[in-house]
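What follows is each chain in one-letter form.
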Amino acid sequence: MSYLIPNVVLEAMVQQESKTTKTIIIMDFFEIKVNYTRQTGEDNPASVSETYLVEASTPSSVEERIMEELKPLISGECDVPSIRNRKFYDIIPNGNVEDWYESKVEMITIEDNGNEKRKAVTILVEAESIQKAVSVLSESLRNLDCEIVSVKKSKILEVYRAV
């Protein structure tokens, strides 16, 4: 299954003084780096630095969400050195594989005057290897006029979608 993500829009109905109004909430993806002490199985805590992708409406809600997700793993200090907004054209999950690959793809269109126009986009693909990522990506893009420019392993360990 593939998710088209340019900017995910969620609609919520809000009651205000006996009239209903529609509020649009824009959800973005944020890459968050977390440094913390992780408890290992043999009472040997290990300091780790990990990167996650979280779908949220604000950076503060990203930090809140990641702390909730990592709470069972954290023993001791926890620090969030960076949160940055990320734009993905698409995110392609592929089962319970642990690796994510970032791919640069050029989408090709032909303008009215006949000139070719290329737009570079980033697509995140979950796969077991770089070869499998290229295969999954090629399959997902088979009906589009595009060119895969590059695929590299991402530092992202997990993607947390909005709930």
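Residues numbered from 1 in each chain as written. Predicted model: local features only at pLDDT ≥ 70, side-chain atom pairs only at ≥ 80, totals over all residues. Heavy atoms only, no water.

**Things to note about the pattern of salt bridges**
Applying the stated criterion across every chain yields a total of 12 salt bridges. The closest approach of N and O atoms between R38 and E50, which form a salt bridge, is 3.4 Å. Taken together, the positions of R38 in strand β3 (residues 19-38) and E50 in strand β4 (residues 46-56) put the pair 12 residues apart, joining distant regions of the chain. Taking relative accessible area as the criterion, R38 reaches 24% and is therefore assigned partly exposed. The partner of K153 in a salt bridge is D99, and the shortest N-O contact between them spans 3.4 Å. Placement of the pair is K153 in strand β9 (residues 146-153) and D99 in the loop between β6 (90-92) and β7 (100-110), with a sequence separation of 54 residues. D99 gets classed as partly exposed once you look at its relative accessible area, which sits at 22%. Several salt bridges converge on common partners, so that one network encompasses E31, R84, R86 and E102. (Salt bridge = Lys/Arg side-chain N within 4 Å of Asp/Glu carboxyl O. Helix = DSSP H or I, 4+ residues; strand = E, 2+ residues; numbered from the N terminus. Buried < 20%, exposed > 50% of the residue type's maximum accessible area, 1.4 Å probe, protein only.)

**Description of the packing of aromatic side chains**
Taken as a whole and judged by the stated rule, the model has 1 aromatic pair. Aromatic pair Y52 and Y160: ring centres 6.0 Å apart, planes at 40°, arrangement tilted. Of this pair, Y52 sits in strand β4 while Y160 sits in strand β10 (residues 156-160), and the two are 108 residues apart along the sequence. We note that Y52, like Y160, is buried. (Phe/Tyr/Trp six-rings, centres within 6.5 Å; stacked < 30°, edge-to-face > 60°.)

**Remarks on the nonpolar core**
Core analysis: the largest hydrophobic core is formed by 13 residues, its most contacted members being I92, V105, I123, V125, A133 and L137. Not counting residues up to four positions away in its chain, the partners in contact with I123 are F88, Y89, D90, I92, Y101, E102, S103, V105, L137 and L141. Among the nonpolar cores identified, the runner-up in size contains 12 residues, and F30, A56, V80 and Y160 belong to it. (Core = buried A, V, L, I, M, F, W, Y, C linked by side-chain atoms within 4.5 Å. Contact = heavy atoms within 4.5 Å.)

**What about helix α2 (residues 130-140)?**
Of all the positions in α2, only A133, V136 and L137 are classed as buried. The buried side chains of α2 occupy one side of the element, clustering within an arc of 100° when seen end-on. Packing partners of the buried residues in α2 comprise β6, β7, β8 (116-126) and β9. (Arc of directions from axis to C-beta.)

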